[in-house]
Amino acid sequence: MNFPLVLLILLVTTGGVWLLDHFFLKHRRAAGSDEPWWIEYPKSFFPIILIVFCLRSFLVEPFKIPSGSMIPTLLVGDFILVNKYAYGIRLPVANLKVIDINEPQRGEVMVFRFPEDPSIDYIKRVVGVPGDMVTYRNKQLSVNGVPIQSEPNGDYKYIESGLAYIYTERYRENMDGNEYSVLINHEMPNIQLSAVHNFPKRDHCTFDYSGFICKIPEGNYFTLGDNRDGSSDSRYWGFVPESHIIGKAFLIWWNFNDLSRIGTKIQ
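Here we summarise the structure given alongside this text.

**Some thoughts on the overall build of the chain**
Step number 1: Within the chain, the secondary structure is distributed over three helices and 18 strands.
Step number 2: Counting all 267 residues of the chain, 42% fall into the buried class.
Step number 3: Within the chain, residue pairs in contact and separated by at least 24 positions form 56% of the contacts whose partners lie at least 6 positions apart.
Step number 4: Per element, the accessible surface of the chain, about 14,200 Å² overall, is 59% carbon and sulfur.
Step number 5: For the chain, the centre of its 26 positive side-chain charges and the centre of its 29 negative side-chain charges are spaced 4 Å apart.

As structure tokens, this is what we get:
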């Protein structure tokens, strides 16, 4: 379901009824007569829908994490908040940027429309901006020829799909001053070559069994999941166009399974 479109339709419908009644219908009703239900209800809901629409479209939008691709930063079931104006003001539904503010930076956690199906929202970490050369060889990430600082930080295990324990190693990465944790499973291949799609501008990338190297085209970004061996990301389906960006994830506001995560800032 395209919720922003549904919200826009409700806003236009209730707002239209309010305007119609304000300028025409109420002057034709008999003095002291009640409003018919089809006018009363839309008028009552219009201010609420307007406030929700403005908040969600231009300021903050809530999301729920559905998968483990961003473990350990984000867990399945985390409810997060996304800053909608961090990367510029965009028109609702069309997602067309009308006011420039900032651009995504390396190391930030970004929400965007999935390039292969824009009706689906994805969340990943930005590791490459336009013009960058991103390399991932033998589990080591480098940007523009400089290896990203990565230090071992103990073991980590989690349950995948409620069926089996996954044992991995946690590393602490530092990218342009943004510090965060990633998981690496050294028993997994460096990359699943059979899973790499034929995505737009794939000729900007070279893949082999040790990993890949990609030159990021203008107007595009490269993303990875923090769960490096359990994430479907730019390695497999390609670059994120600027037009698909939704906003910057910044806060975990709820988790039914772990209340201690409430209020956690997303690094």
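**Regarding the packing of aromatic side chains**
Step number 1: Scanning all chains against the criterion turns up 17 aromatic pairs.
Step number 2: Considering the side-chain rings of Phe207 and Phe212, the 6.0 Å spacing of their centres and the 40° angle between planes classify their relative orientation as tilted.
Step number 3: Looking at Phe207, the relative accessible area reads 18%, which means it is buried.
Step number 4: Sitting above the plane of the Tyr165 ring, Lys157 keeps its charged end 5.3 Å from the centroid.
Step number 5: The ring of Tyr136 has Arg235 lying over it, and the distance from NZ or CZ to the ring centre is 5.7 Å.

**Quick look at the pattern of salt bridges**
Step number 1: All chains considered together, the criterion is met by 20 salt bridges.
Step number 2: Linking Lys43 and Asp21 is a salt bridge whose minimum nitrogen-to-oxygen distance equals 2.9 Å. Remark: Asp21 occurs in helix H1 (residues 3-28) and Lys43 occurs in helix H2 (residues 37-59); sequence separation between them is 22 residues.
Step number 3: For Lys43, a relative accessible area of 22% puts it in the partly exposed group.
Step number 4: Judged by its relative accessible area of 1%, Asp21 falls in the buried class.
Step number 5: With a shortest N-O distance of 2.7 Å, Arg261 and Asp78 are connected by a salt bridge. In this pair, Arg261 sits in the loop between strand E17 (245-254) and strand E18 (264-265) while Asp78 sits in the loop between strand E1 (60-64) and strand E2 (79-83), placing the two residues 183 residues apart along the sequence. Across this residue pair, the class does not change: Arg261 and Asp78 are buried.
Step number 6: Through salt bridges that share partners, Arg90, Lys97, Asp100, Glu103 and Glu242 make up one connected network.

**So, the state of the cysteines**
Step number 1: Inspection of the entire model under this criterion finds one disulfide.
Step number 2: Each disulfide pairs two cysteine sulfurs, and for Cys205 the partner residue is Cys214, the sulfurs being separated by 2.0 Å. Linking Cys205 and Cys214, the disulfide has an S-S dihedral of approximately 115° and is accordingly described as right-handed. For the residue pair Cys205 and Cys214, the accessibility class agrees, reading buried in each case.

**Quick look at the sheet that holds strand E12 (residues 178-184)**
Step number 1: Spatially, E10-E11-E12 is the arrangement adopted by the three strands of the open sheet, whose pairing is antiparallel. Among the strands making up the open sheet, the edge pair consists of strand E10 (149-160) and E12. Looking at each pair of strands side by side, their axes are set apart by 30° on average, direction ignored.
Step number 2: Bridge count between E10 and strand E11 (residues 164-175): 10 bridges; the pairing is antiparallel. Its bridge partner lying in E11, Glu160 is registered against Ala164.

Basis of the calculations
Residues numbered from 1 in each chain as written. Predicted model: local features only at pLDDT ≥ 70, side-chain atom pairs only at ≥ 80, totals over all residues. Heavy atoms only, no water. Helix = DSSP H or I, 4+ residues; strand = E, 2+ residues; numbered from the N terminus. Buried < 20%, exposed > 50% of the residue type's maximum accessible area, 1.4 Å probe, protein only. Contact = heavy atoms within 4.5 Å. Areas by Shrake-Rupley, 256 points an atom, 1.4 Å probe, with all protein chains shown as cover. Lys, Arg positive; Asp, Glu negative; His and termini not counted. Charge placed at Lys NZ, Arg CZ, Asp CG, Glu CD. Phe/Tyr/Trp six-rings, centres within 6.5 Å; stacked < 30°, edge-to-face > 60°. Lys NZ or Arg CZ within 6 Å of the ring centre and 35° of its normal. Salt bridge = Lys/Arg side-chain N within 4 Å of Asp/Glu carboxyl O. Disulfide = S-S within 2.5 Å. Pairing = 2+ DSSP bridges. Axes fitted to C-alpha atoms, helices over the stretch in contact; angles between N-to-C directions.

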